[in-house]
Amino acid sequence: MYQYDQLDQAFVDQRVAEFRDQTRRYVAGELSEDEFRPLRLRNGLYIQRHAPMLRIAIPYGLLASRQLAKLADIARRYDRGFGHFTTRQNLQLNWPNLTDVPDILAELATVQMHAIQTSGNCVRNVTADHLAGIARDEIDDPRPYCEIIRQWATLHPEFTYLPRKFKIAVTGSPQDRAASEVHDIGLHMARDAQGNIGFTVLVGGGLGRAPMIGQVIRDFLPLADLLSYLEAILRVYNRHGRRDNLNKARIKILVKTLGIEPFREQVEAEWQLGRASAARLPAEEVARVRGFFRPQPYVALEDFDASAGREPAFQAWYRYNTRPHRVSGYRAVFVSLKAHGQNPGDMSSEQMEAVAALAERVSFGLIRTTHNQNLLLADVRQSELYEVWLELARHQLAMPNVGTLTDMIACPGLDFCSLANAGTLGVAKQIQERFDNLDYLYDLGDIEIKMSGCMNACGHHHVGHIGILGVDKHGEEWYQITLGGSANGFTALGEVIGPSVPKTQVAATIERIVEAYRTLRAEGERFIDTFRRVGLAPFRESAYATHSAAA
Amino acid sequence: MRRILRRREMAADDWIHLGEEAADGAALIVPLAELRKDPGRWWQWSGRLGVRITPIDRVEELAEELPRLDLVAVEFPSPSEGRGYSQGRMLRERLGFRGELRAVGAGVRQDQVFLLARCGFDALELAEGEDADGACRALQRYDVAYQPGSPQTAIRRQRFFA
């Protein structure tokens, strides 16, 4: 993985000193709450319902064991002994003291970490495919380019006060595992006719209040032009994006208002004029950063079925929680953060330490976070899978439900977040309890539930096969259900099935929906494919069949 | 008395804004709208002339007039107003403006001055009440940067170059 050089280290150290001074001025009354807010947000610090929340950056979801161990240590000493992994591959601490935050950031800096630009109207953490570097269908490893973008975007002189937040995702495979089409900019790695590396550039995707799918602005951008082209897009957006209405300030609104063609013309014109003074990306710098992402020193091994002859529980885990690897003899292992009875994405300090130590032993000391709120050990020898399973099971991290209905995404919701309209954690628990039969889950197969507690859509509900959105109805928590969303390759926004349902009815309604699927499906057909074939109507009919309370 | 942070030092303002008492021959800053309304009058001004632009003004449209201007003042009505950073860079890098580039308004605070300087602003008219010592320190807060930028700060090392 990338290692800081002196410049990177000096930068994060100086950033900590700056924030320490800003915090001091706030506490001393020299900065008002309004003045302090944009400064703390750009260092990941929110003030939430109960306490501050600190969102720590995990660039493109990659962590070293010592970093995960440090997060465990920080969560224990400065918080309540757990953290929450988010859909943008970051970690949130829900209870730190505001005055401790400069110290927390200083500790993070000792392991080459930070919380810079995890919030605020600036370029956020750049995310990537969690199978980067090990996927069999990959064109190129996206992570070096994520790292280059991370550095370029960090405290960018021109783009630190944008109209609104700005999210970039990079995917290296044709199969999009980074939800890149619902990002402000999505970069798809591509090769031109000569085999040169570059990107197909998408712009204007996003979820939130007005969900939109990104559109291609450039079919092929040569790698050397990456930064100058990003600058051109950001400059057009910075100058012309709306600043008068928070709900219309994302770049997707600008793209939609202008239309993709006029927007492209503006960007291309800006690019031609601005290239000379934009940041260049020399081949040596690309080579330097790529050097940190070379393939691991794999041993030559044969593939074999590690599950053969083992007990059914291991076989289930092997089938659902591991994935093929580019290199024979290895598999990728999901660490499920979706045990029933646990908040999706939550992880205790003990669990973090256990996974950090395990990764050190079996996966080259590296851990990845996924946008589905699980962790991944990317490079495990097949011969060690059984031992890994035992160790993960010992720490309640081996729930064999990855890709099933209870591997759901949920934001923290009303229990923590001051933006939320409704709770998500209670609903997640309700769903886990109703769908606690693994055989039934396996029969349902690949179904993604994504849940958000408000329109801001941190839980990506628009792109869930089943999306759940918490809404406030006269002070009560109700839930709007959408079907047919997807962010994997064929990106689609879910359709609202009908009137929202009260909190007590969410799991029951979902059960009627999946029962309808079981009736409607063709042999071997996934939920999402059945939905695409038959449409919303039959599901709507079933969802409300016995439920007259909805209005 | 307006305080200007210029080349890392505080200086008294030697410019007058239109509407203030201006002796003949004084250095005068005129809003762009005013300059457009009565160009004949302002281009004959006896002293140095500067123009003041707002976040929605298109700097490209100043191209022809820039060689005759000694100063461009860019308004930052609040710390979250980000358009002026683009205006500043474009004035310097694209339009080649070599006069004084001044950031003005309630948004020019100590936590903004470093980025402003990196975008080419060589004169920072601090918001009323802002701590001048803090602003001087903030200009030297970082000695490293990732992006290319104007050399007004204490930057010794940077990653990317233009």
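Just so we're clear, the structure is a prediction, and the values are computed from it rather than from any experiment. (Residues numbered from 1 in each chain as written. Chains lettered and ligands numbered in written order. Predicted model: local features only at pLDDT ≥ 70, side-chain atom pairs only at ≥ 80, totals over all residues.)

Focus on the nonpolar core
Thought 1: The biggest cluster of nonpolar side chains holds 202 residues, and the ones touching the most others in it are Ile233, Val335 and Val355 of chain A together with Leu124 of chain B.
Thought 2: If one sorts the elements of this core by residue count, helix α6 (residues 226–240) of chain A sits on top with 9 residues.
Thought 3: With sequence-adjacent residues up to four places away left out, valine 355 of chain A is seen in contact with Leu68, Val335, Ile367, Leu375 and Leu397 of chain A. (Core = buried A, V, L, I, M, F, W, Y, C linked by C-beta atoms within 7 Å. Buried ≥ 20, exposed ≤ 12 C-beta atoms within 10 Å, placed from the backbone. Helix = DSSP H or I, 4+ residues; strand = E, 2+ residues; numbered from the N terminus. Contact = placed C-beta atoms within 7 Å.)

Structural notes on the sheet that holds strand β8 (residues 185–191) of chain A
All names here are of chain A.
Thought 1: Ordered by their spatial adjacency, 5 strands build an open sheet running β6-β7-β8-β9-β10, and the pairing between neighbours is mixed. Strand pairing shows two members of the sheet lacking a second neighbour, β6 (127–128) and β10 (215–222), which therefore form its edges.
Thought 2: Of the pairings in the sheet, the one linking strand β7 (residues 168–171) to β8 comprises 4 bridges and is parallel in character. Along β8, the bridge assignment pairs valine 170 with leucine 187.
Thought 3: Helix-sheet contacts for α6 involve β8, β9 (197–203) and β10, and the interaxial angle to β9 is about 10°. (Pairing = 2+ DSSP bridges. Axes fitted to C-alpha atoms, helices over the stretch in contact; angles between N-to-C directions.)

What to know about the interface of chain A and chain B
Thought 1: Facing the 27 residues of chain A at the interface are 27 residues of chain B.
Thought 2: Within the residue set of the side of chain A that touches chain B, elements represented by two or more residues are α1 (6–27), α2 (33–41), α5 (143–153), α6 and α8 (260–274) of chain A.
Thought 3: Among the residues forming the side of chain A that touches chain B, the class breakdown is 13 nonpolar, 9 polar and 5 charged. (Nonpolar A, V, L, I, M, F, W, Y, C, P; charged D, E, K, R; others polar.)

A few points about the domain arrangement of chain A
Residues and elements named next belong to chain A.
Thought 1: Under the domain assignment used here, chain A contains domain 1 (6–59 + 83–110), domain 2 (134–290), domain 3 (312–394) and domain 4 (409–543).
Thought 2: A straight line from the C-alpha centre of domain 3 to that of domain 4 covers 26 Å.
Thought 3: At the interface, 7 residues of domain 3 touch 8 residues of domain 4.
Thought 4: Here the residues of the side of domain 3 that touches domain 4 sort into 2 nonpolar, 5 polar and no charged. (Domains from an automatic or database assignment.)

So, the pairing of β7 of chain A
Thought 1: Burial of the side chains of β7 of chain A extends over both faces: Ile168 and Val170 of chain A are buried on one face and Ala169 and Thr171 of chain A on the other.
Thought 2: Between the parallel pair β6 of chain A and β7 of chain A, the chain is carried across by α5 of chain A, and the sense of this crossover is left-handed. (Right-handed = clockwise from strand over helix to strand, strands pointing away.)

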